[in-house]
Amino acid sequence: MTDTPLDFGDPADLDRLRRDFRAWLAGHPLPERRPDEPLPVFLHRWHRQLHSGGWVGLDVPERYGGRGLSALHQVAISDELGACHAPGIPRIGYLAHALMEFAGEDQRRRWLPRMLAGDDVWCQGFSEPGAGSDLAGMSTLATRHDGHYSVRGQKLWTSYAQYSGLCLLLARTDRGAPAHRSITAFALPLDRPGVTVRPLRAMNGDDEFCELFLDDVRIEESERIGAEGDGWPLAMTTVSYERNALDTGHISKYGLLVERLRRVARDRRGELPDGLLSEIGRCFVDYEVLVAHARRRTAERLGGQAAGPESSIDKLLMTRTEQRLYETALKVFPGELHEEGGELFGDYLYSRAASVYGGTSQIQRNIIAKRVLHLPSLSKPPNPGAT
Ligand SMILES: Cc1cc2nc3c(=O)[nH]c(=O)nc-3n(C[C@H](O)[C@H](O)[C@H](O)COP(=O)(O)OP(=O)(O)OC[C@H]3O[C@@H](n4cnc5c(N)ncnc54)[C@H](O)[C@@H]3O)c2cc1C
């Protein structure tokens, strides 16, 4: 079995896992999305179905409801999902990693099995109206009282909060301390008094984004994740996994479209307008660069390297590949532009968000410059008198 991009010439057990998954999938295919069924509700049904087969949380220890296998097993299943056009598992990977790293043992045993099973759906409450790229500038405040906190503030762009039961919330617990030591993480049940979730409809008709208003919401100390001040490293861990190219199945999905374009380039070469052939060529090169990079990152992860600032490279490469690919595909298959509910057009529209969610492309470049390449900051103009 060597027809998915991240297939390493798999060792026997991995090869068996892929085969078992394909056999299971043949008997439990992707369900039909019902007319008018909101996307997250459909994805939740799919999540539950995958979990019933044991295909969620492969690299999560068994005591937390996973299968205790390696990261490579998880990557292989994400790769298989993408290769058959099935959606990946919603928002599990990176939130689970954050909880495994920062939550206490009791909390992990309480939250992780339910998260993996889809019994609890989590959303991510990081961004605020004045704090997106500059997350450290957040102003939502959690004031400590005897055994609990009272939280006041507003979150923005919280994806699918209206379909979630719990929010991984960041709030400031100390106004005096430097920003990176004053942010704390909480697991906030969204049915708490004082929480208002207001969905925002985007121009493509989706209501993914929400505003979250927190009006003196009580959060118990037992719902704090890690110590006060751990919120910043937790956020960095979360976004590092979120930016990573491996767990999403995106690469296999891009591969299917690249193959479709390649067939057109071969069969209809003479009919293509000027320049389109070289655009297809560029898509192919971007895709191959991404696959090579993802293979290297998989090898690093297998060697025990945690996700870190290098994930910004993954995010940039994925964004570049995805945006160019869908732009080109719509030029090659213009009919699909007008197909109501057509998958290609929907994917094209969503690809525009890739350079914003999980941190914008400019911010990824800043991270690479500072934390990967250790380049000097240009924030101060050079002193003309210096020699
Ligand atoms: C589809 C989608 C889903 C999302 N889901 C969630 C979610 O579930 N939870 C959540 O918390 N957030 C979510 N977000 C929010 C996302 O994390 C923020 O939109 C993102 O971090 C950018 O913040 P901002 O929108 O406030 O833009 P700003 O930070 O205001 O940036 C505006 C522009 O200025 C540029 N800029 C800002 N600072 C710098 C700098 N220092 N150097 C160079 N350029 C800079 C940016 O690159 C951008 O082009 C989501 C966003 C999208 C698009």
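Everything below is about the structure shown above.
Residues numbered from 1 in each chain as written. Predicted model: local features only at pLDDT ≥ 70, side-chain atom pairs only at ≥ 80, totals over all residues. Heavy atoms only, no water.

### Concerning the overall build of the protein chain
Part 1 of the reasoning: Looking only at helices and strands, the protein chain has 11 helices and eight strands in total.
Part 2 of the reasoning: In summary, the protein chain has a C-alpha radius of gyration of 22 Å against a globular reference of 21 Å for 387 residues, a match within 12%.
Part 3 of the reasoning: In terms of overall dimensions, the protein chain has a C-alpha envelope of 70 × 70 × 45 Å along the principal axes.
Part 4 of the reasoning: Burial status across the protein chain gives 49% buried among its 387 residues.
Part 5 of the reasoning: By sequence separation, contacts in the protein chain at least 24 residues apart represent 70% of the contacts at least 6 residues apart.
Part 6 of the reasoning: As displayed, the protein chain has an accessible area near 18800 Å², and 53% of this comes from carbon and sulfur atoms. (Helix = DSSP H or I, 4+ residues; strand = E, 2+ residues; numbered from the N terminus. Rg over C-alpha atoms; globule rule 2.2 N^0.38 Å. Buried < 20%, exposed > 50% of the residue type's maximum accessible area, 1.4 Å probe, protein only. Contact = heavy atoms within 4.5 Å. Areas by Shrake-Rupley, 256 points an atom, 1.4 Å probe, with all protein chains shown as cover.)

### A look at the nonpolar core
Part 1 of the reasoning: Among the nonpolar cores identified, the biggest contains 46 residues, and L50, W122, L170 and I225 are the most heavily contacted of them.
Part 2 of the reasoning: Of all the secondary structure elements, the ones that give two or more residues to this core are α1 (12-27), α2 (39-52), α3 (71-83), α4 (93-102), α5 (105-117), β4 (166-172), β5 (183-189) and α6 (231-242).
Part 3 of the reasoning: With seven residues, the top contributor of residues to this core is α4.
Part 4 of the reasoning: Setting aside anything within four residues of it in sequence, one finds I225 in contact with L99, F102, A103, Q107, W111, L168, A185, F186, A187, D230 and L234. (Core = buried A, V, L, I, M, F, W, Y, C linked by side-chain atoms within 4.5 Å.)

### A few points about the layout of surface pockets
Part 1 of the reasoning: In this structure, the second largest pocket spans a volume of roughly 280 Å³.
Part 2 of the reasoning: What lines the second largest pocket is a set of 16 residues, and nearest its centre among them are A71, H97, Y241, R301 and Q305.
Part 3 of the reasoning: Listing elements by their share of the lining of the second largest pocket, those giving two or more residues are α4 and α8 (276-302).
Part 4 of the reasoning: Among the elements that take part in the lining of the second largest pocket, α8 stands out by supplying four residues, more than any other.
Part 5 of the reasoning: Residues of the lining of the second largest pocket, tallied by class, amount to seven nonpolar, four polar and five charged. (1 Å grid on protein atoms, 1.4 Å probe; cavity = no way out; pocket = protein on both sides within 12 Å on 5 of 7 lines; lining within 4 Å. Points joined across faces, edges and corners; volume = space filled by probe spheres on them. Nonpolar A, V, L, I, M, F, W, Y, C, P; charged D, E, K, R; others polar.)

### A short note on the environment of L190
Part 1 of the reasoning: Structurally, L190 can be placed in the loop between β5 and β6 (195-199).
Part 2 of the reasoning: On the basis of relative accessibility, which here comes to 11%, the residue L190 falls in the buried class.
Part 3 of the reasoning: When near neighbours in sequence (up to four residues on either side) are disregarded, L190 contacts C123, A161, S164, G165, L166, C167, V195 and L212.

### Brief notes about α2
Part 1 of the reasoning: Over its 14 residues, α2 extends 20 Å from the first C-alpha to the last, a length consistent with the 20 Å expected when each residue adds 1.5 Å.
Part 2 of the reasoning: Those residues of α2 not exposed but buried are P40, F42, L43, W46, H47, Q49 and L50.
Part 3 of the reasoning: At the exit of α2 stands G54, carrying a positive phi of roughly 85 degrees. (Expected span 1.5 Å × (residues − 1).)

### Some details on the packing of aromatic side chains
Part 1 of the reasoning: With the rule as written, the count across this model stands at nine aromatic pairs.
Part 2 of the reasoning: Ring geometry for W157 and F209: centres 5.1 Å apart, planes at 75 degrees, overall edge-to-face. Here W157 is found in the loop between β3 (148-155) and β4, whereas its partner F209 is found in the loop between β6 and β7 (210-220), with 52 residues between them in sequence.
Part 3 of the reasoning: Aromatic rings pair up to connect F21, W24 and W55 into one cluster.
Part 4 of the reasoning: Over the aromatic face of W55 sits the side chain of R67, whose NZ or CZ is 5.1 Å from the ring centroid.
Part 5 of the reasoning: Geometry around F333 places R260 over its ring, the cationic atom sitting 3.9 Å from the centre. (Phe/Tyr/Trp six-rings, centres within 6.5 Å; stacked < 30°, edge-to-face > 60°. Lys NZ or Arg CZ within 6 Å of the ring centre and 35° of its normal.)

### Some thoughts on the site of the ligand
Part 1 of the reasoning: Around the ligand sit 18 residues in total, of which Q124, S127, S133, S159 and T360 are the nearest.
Part 2 of the reasoning: W157 places a polar main-chain atom, nitrogen or oxygen, 3.2 Å from a nitrogen atom of the ligand.
Part 3 of the reasoning: Within the side chain of S159, one N or O atom sits 2.8 Å away from a nitrogen atom of the ligand.
Part 4 of the reasoning: Bound to the protein, the ligand loses 65% of the 980 Å² it would expose on its own.
Part 5 of the reasoning: A per-element tally of the shell around the ligand places helix α11 (residues 361-372) first, with three residues. (Near = heavy atom within 4 Å. Polar contact = N/O pair within 3.5 Å; in protein donor to acceptor, adjacent residues only side chain to side chain.)

### Digging into the pattern of salt bridges
Part 1 of the reasoning: Applying the stated criterion across every chain yields a total of 30 salt bridges.
Part 2 of the reasoning: Note that E223 is salt-bridged to R192, the shortest N-O span being 2.7 Å. Of this pair, E223 sits in the loop between β7 and β8 (224-225) while R192 sits in the loop between β5 and β6, and the two are 31 residues apart along the sequence. As far as burial versus exposure is concerned, E223 and R192 are alike and both buried.
Part 3 of the reasoning: What emerges from the salt-bridge pattern is a single network uniting R18, R22, D79 and E80. (Salt bridge = Lys/Arg side-chain N within 4 Å of Asp/Glu carboxyl O.)

### As for empty space enclosed by the protein
Part 1 of the reasoning: In this structure the tally under the stated criterion is one cavity of 30 Å³ or more.
Part 2 of the reasoning: By volume, the largest cavity is sized at about 60 Å³.
Part 3 of the reasoning: As for the largest cavity, its lining consists of M236, V239, S240, R243, G308, P309, S311, S312, I367 and R371.
Part 4 of the reasoning: Looking at the lining of the largest cavity, the elements with two or more residues in it are α6, α9 (311-332) and α11.

### Thoughts on the packing of α8 against α9
Part 1 of the reasoning: Put simply, α8 and α9 touch, their axes get as near as 9 Å, and they point 150 degrees apart. In terms of axis orientation, α8 runs roughly antiparallel to α9. The crossing of α8 and α9 is left-handed. Residue-level contacts link L276, E279, I280, R282, C283, D286, Y287, V289, L290, H293 and R297 of α8 to S311, I313, D314, L317, M318, R320, T321, R324, L325, T328, K331 and V332 of α9. (Axes fitted to C-alpha atoms, helices over the stretch in contact; angles between N-to-C directions. Parallel < 35°, antiparallel > 145°, perpendicular 65-115°, else oblique. Left-handed = near helix turned anticlockwise from the far one by under 90°.)

### With respect to unusual backbone geometry
Part 1 of the reasoning: One non-glycine residue, D36, lies in positive phi territory at about 70 degrees.
Part 2 of the reasoning: What makes D36 exposed here is its relative accessible area of 80%.
Part 3 of the reasoning: The backbone of Y160 shows a phi angle near 55 degrees, a positive value even though the residue is not glycine.

### So, a nonpolar patch on the surface
Part 1 of the reasoning: There is a patch of nonpolar side chains on the surface, built from F284, V285 and V289 and spanning about 220 Å² of accessible area.
Part 2 of the reasoning: Checked against the element boundaries, V285 lands in helix α8.
Part 3 of the reasoning: Exposure remark for V285: the relative accessible area of 49% places this residue in the partly exposed category. (Patch = residues over 30% accessible without salt bridge, like charges linked within 9 Å, V, L, I, M, F, W, Y side chains within 5 Å.)

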